[in-house]
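Architecture at a glance
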Amino acid sequence: MRLFIWLAQRLPLREWYQRHLSHYYVPKNLNIWYLFGALATLLLINQLITGIWLTFGYSPTLSGAFDSVVHYVRDVPSGWLIRELHAAGASMLFAVLYLHLFRGLLYGSYQRPRELVWLLGMGLFLVLMIEAFCGYVLPWGNMSYWAAQVIMDLPTAIPGIGDDLANWLRGGESISQVTLSRLFALHVIGIPLVIAFLTLLHLTGVRHVGANNPEGIEIKKHLSPDGTPLDGIPFHPYYTIRDLLGVGVFLLVFVGIVFFFPTGGGLILEPANAIPANPLQTPAHIAPAWYLTPFYAMLRAVPDKLGGVITMAAGLALPFLLPWLDRSKVKSMRYKGRASSFMLAVMVISFIGLGILGLTPVDHAVLPFIGNQLLAQILTALYLLYFLLMPLYTKFEACREPPDRIGGAQ
Amino acid sequence: MKHLRHLLSIVVIALGISLAQTTSATVNDQASQQHGADLYMHYCSSCHSLKYLRYDQMAHDLDIPPDKLTEYLKSAGRKADDPIIAQLDAAMVAKAYGAPPPDLTLIIMAHSPDWLYQYLLAFYPDPMRPSGSNNHMVSNVAMPDVLSALHQQLGDAAFKAQVADLVSFLNYTAEPERHTRYWYGVIILIFLTIFLIPVILLHQDYWRDVE
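If you're wondering where the values come from, they're calculated on a predicted model, not measured in any experiment.

On to the overall build of chain A, then. Check the secondary structure of chain A and you find 16 helices and two strands. Its C-alpha atoms give chain A a radius of gyration of 23 Å, within 12% of the compact-globule value 22 Å for 410 residues. For chain A, the spread of C-alpha atoms along the principal axes amounts to about 75 × 65 × 45 Å. Expressed as a percentage of the 410 residues in chain A, the buried residues total 54%. Within chain A, residue pairs in contact and separated by at least 24 positions form 78% of the contacts whose partners lie at least 6 positions apart. With the model as given, the accessible surface of chain A reaches about 19,500 Å², and the carbon-plus-sulfur share is 71%. Across chain A, the 27 positively charged side chains and the 22 negatively charged ones have centroids separated by 10 Å.

Encoded structure:
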């Protein structure tokens, strides 16, 4: 206790505790969709810790990378567990992030005053994709190598400077020791620092403007005499205990995967990565990790290389613009019109469909009567239309008036 | 209380399934893996390495009798803590057969136990090939039908059992710690279940006063 007083005189401990936990007021009606932010934080910490431990045993060299990972997994006590927590953790992080993003779309969490929170979150998502790509290459299995080959060749599609840009990024004409060293440095130092900084800003932003809720109405409009929101409850203990419950249930799933389905049917640990990188032997079907396949399918949907890159870039860039594309007066899907719900459903189905197509070899038809290429083009168009048509359908559809207070009448 | 009961019943079912998987994997006859190791040392190890596995580790994990281990070490000219490296030089074998023989430690991960079993049974005589044999699964494979003598000697049914043992051994080499993984999983699932009970009760207690 004396230590606490000593510290509190020198650091704003009490203020910090009040600001972020005991006096941070959160809407009382948050549902299960609001769990995934906490899970993403948990998984990010998992990636950080297991990542440090993996770095202890990893050798970023062409001759040593594959063997160092295999030795780590087999010869270091519980090395298999650390590698699996890191590999499955990455997959789960993206699963959780997609659900977190969907929550934003469902309840309009990107709308004023949370535009910056949304932009920071999307930035984080993009940076995490790059981080995941770098990490995917490091074990130097055959799929790692060929995925790197395909992805790092993308800049060549840019007219004029493309070839030079690709060579500059790779550090040469092809994937080499230089490339591997770079991806290692970026994966363990460069990008994690960016992620930590963006996460801090994202969370600070949320705490400043306050959390949205399923009704999409502001709780700060109705304050009690002591200045706290009438429809808000302190984050601690209400949401700390609820998040703890969510974490416990999530861990049941996570542990189930880590210990009983470690390869995730080839989605977490790819069969082709059990073979060391071999520049002379192309895998039968090159695909990135499952969480990147929707964008990979958009890339492949367009026969022209530059067109594919532009389409994929649009697919990644349009979500950033959501706060300005959505012209609706209400935030939550509960009060938006039919068009919004319909378009959201279409977008989600297209996105999942593209994910499946990205995992499937081009010549292996997913549906009867329709080729994968055409299907991918249709789904890409539908995905993009969700964003491009948003200013129209959100403006002209009939919305319902949301209630003034949570749980109350209008 | 309803939530608690639902959750617990799901967890109990999941635990049952994972325990069943665990015990079946533990029972997953060591005898079969031992015999598979024996076959491997006689038919495969001159060309194919298991370079991520050491002789003494294998003997310890599979409870291989010391005299058997000595026999393997002697015929390969290795020491107990050496990795299992092919006796023949890979470059030389590549010159003779057209492709270097791959290391087989992780072959089960690159394919699957089922794939490997089918592959080993898919050889057929083919006078057009330099090795005199070909394979239905991997056409024009460089590997010759090294098990053909065994096949002829034992007949179909007994040969299939031998191949199954070989596959079961390579399933072990791909992940020697598989049993540890299962047991850790069961223990952690039990811990989480017990941990969740007070959390659920606490959650109910706190949220009771929120309308």
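By size, the foremost hydrophobic cluster in this structure holds 126 residues, and its most contacted members are Leu105, Phe125, Tyr239, Tyr291, Phe295, Tyr383 and Tyr386 of chain A. When residues of this core are assigned to their parent elements, the largest contribution, 15 residues, is made by helix H5 (residues 79-107) of chain A. Here this core gathers at least three residues from each of two domains, domain 1 (31-286) and domain 2 (287-405) of chain A. Apart from residues lying up to four places away in sequence, tyrosine 291 of chain A is in contact with Ala90, Ser91, Phe94, Tyr98 and Ala132 of chain A. Ranked by size, the runner-up nonpolar core spans 35 residues in total, among them Met41, Met58, Ile64 and Leu69 of chain B.

Residue and element names in this part refer to chain A. Look at H5 against helix H10 (residues 235-260): their axes get within 10 Å of each other, and the N-to-C directions meet at 130°. In terms of orientation, H5 lies oblique with respect to H10. Between H5 and H10 the crossing geometry is right-handed. For the pair H5 and H10, the contacting residues are Trp80, Leu81, Glu84, Leu85, Ala88, Gly89, Met92 and Val96 in the first and Phe250, Val253, Phe254, Ile257, Val258 and Phe259 in the second. Residues that form the contact of H5 with H10 fall into these classes: twelve nonpolar, one polar and one charged.

All names here are of chain B. By the secondary structure assignment, serine 168 is in helix H9 (residues 156-174). With relative accessibility at 13%, the residue serine 168 sits in the buried group. In this structure serine 168 touches Ser32 and Gln33, once residues within four positions along its chain are discounted.

Okay, the packing of aromatic side chains next. How two aromatic rings sit relative to each other is given by the distance of their centres and the angle of their planes. Taken as a whole, this structure holds 32 aromatic pairs over all chains when the rule is applied. An angle of 35° between the planes, with centres 5.7 Å apart, marks the rings of tyrosine 24 of chain A and phenylalanine 235 of chain A as tilted. Of this pair, tyrosine 24 of chain A sits in the loop between helix H2 (13-22) and strand E1 (25-27) while phenylalanine 235 of chain A sits in helix H10; the two residues are 211 residues apart in sequence, bridging distant segments of the chain. Here tyrosine 24 of chain A matches phenylalanine 235 of chain A in class, with each residue buried. With 5.6 Å between their ring centres and 55° between their planes, tyrosine 40 of chain B and phenylalanine 169 of chain B make a pair best called tilted. Of the two residues, tyrosine 40 of chain B is situated in helix H2 (residues 30-43) and phenylalanine 169 of chain B in helix H9; the sequence distance between them amounts to 129 residues. Neither residue differs from the other here; tyrosine 40 of chain B and phenylalanine 169 of chain B are each classed as buried. Put simply, the rings of Phe94, Tyr98, Phe125, Trp290, Tyr291, Phe295, Phe351, Tyr383, Tyr386 and Phe387 of chain A touch in pairs and so form one group of aromatic residues. For arginine 242 of chain A, the ring lying beneath its charged end belongs to tryptophan 207 of chain B, and the centroid distance is 3.7 Å.

Taken together, the contacts link 39 residues of chain B with 30 residues of chain A. Roughly 3,100 Å² is buried in total at the junction of chain B and chain A, and carbon and sulfur atoms are behind 71% of that figure. In terms of surface lost to chain A, no three residues of chain B exceed Tyr52, Arg181 and Trp207 of chain B, which account for 24% of the buried area on that side. Inspection of the chain B/chain A interface yields eight residue pairs in polar contact (both at pLDDT 80 or more). Secondary-structure elements contributing two or more residues to the side of chain B that touches chain A are helix H1 (2-27), strand E1 (50-54), helix H6 (107-110), H9 and helix H10 (178-207) of chain B. It is H10 of chain B that contributes the most residues to the side of chain B that touches chain A, 18 residues altogether. Per-class residue counts for the side of chain B that touches chain A are 23 nonpolar, nine polar and seven charged.

Residue and element names in this part refer to chain A. Counting across every chain of the model gives 14 salt bridges over all chains. For glutamate 215, the salt bridge is made with arginine 334, and the minimal N-O distance between the two is 2.7 Å. Here arginine 334 lies in the loop between helix H13 (322-325) and helix H14 (338-359) and glutamate 215 lies in the loop between helix H9 (177-209) and strand E2 (232-234), a separation of 119 residues in the sequence. One connected set of salt bridges, linked through shared partners, spans Lys28, Asp231 and Arg405.

With that out of the way, let us pick up the domain arrangement of chain A. Residue and element names in this part refer to chain A. You can read the domains of chain A as domain 1 (31-286) and domain 2 (287-405). Between domain 1 and domain 2, the C-alpha centre-to-centre distance is 21 Å. In this assembly, 44 residues from domain 1 lie in contact with 43 residues from domain 2. Both sides of the domain 1 and domain 2 interface together cover about 3,900 Å² of buried area, and 66% of this is carbon and sulfur. Our count for the contact surface shared by domain 1 and domain 2 stands at four salt bridges. Along the contact surface separating domain 1 from domain 2 lie 20 residue pairs in polar contact (both at pLDDT 80 or more). Going through the elements one at a time, H5, helix H6 (115-137) and helix H7 (142-151) are the ones with two or more residues in the side of domain 1 that touches domain 2.

What counts as what
- Residues numbered from 1 in each chain as written.
- Chains lettered and ligands numbered in written order.
- Predicted model: local features only at pLDDT ≥ 70, side-chain atom pairs only at ≥ 80, totals over all residues.
- Heavy atoms only, no water.
- Helix = DSSP H or I, 4+ residues; strand = E, 2+ residues; numbered from the N terminus.
- Rg over C-alpha atoms; globule rule 2.2 N^0.38 Å.
- Buried < 20%, exposed > 50% of the residue type's maximum accessible area, 1.4 Å probe, protein only.
- Contact = heavy atoms within 4.5 Å.
- Areas by Shrake-Rupley, 256 points an atom, 1.4 Å probe, with all protein chains shown as cover.
- Lys, Arg positive; Asp, Glu negative; His and termini not counted.
- Charge placed at Lys NZ, Arg CZ, Asp CG, Glu CD.
- Core = buried A, V, L, I, M, F, W, Y, C linked by side-chain atoms within 4.5 Å.
- Domains from an automatic or database assignment.
- Axes fitted to C-alpha atoms, helices over the stretch in contact; angles between N-to-C directions.
- Parallel < 35°, antiparallel > 145°, perpendicular 65-115°, else oblique.
- Left-handed = near helix turned anticlockwise from the far one by under 90°.
- Nonpolar A, V, L, I, M, F, W, Y, C, P; charged D, E, K, R; others polar.
- Phe/Tyr/Trp six-rings, centres within 6.5 Å; stacked < 30°, edge-to-face > 60°.
- Lys NZ or Arg CZ within 6 Å of the ring centre and 35° of its normal.
- Buried area = accessible area lost by both parts, 1.4 Å probe.
- Polar contact = N/O pair within 3.5 Å; in protein donor to acceptor, adjacent residues only side chain to side chain.
- Salt bridge = Lys/Arg side-chain N within 4 Å of Asp/Glu carboxyl O.

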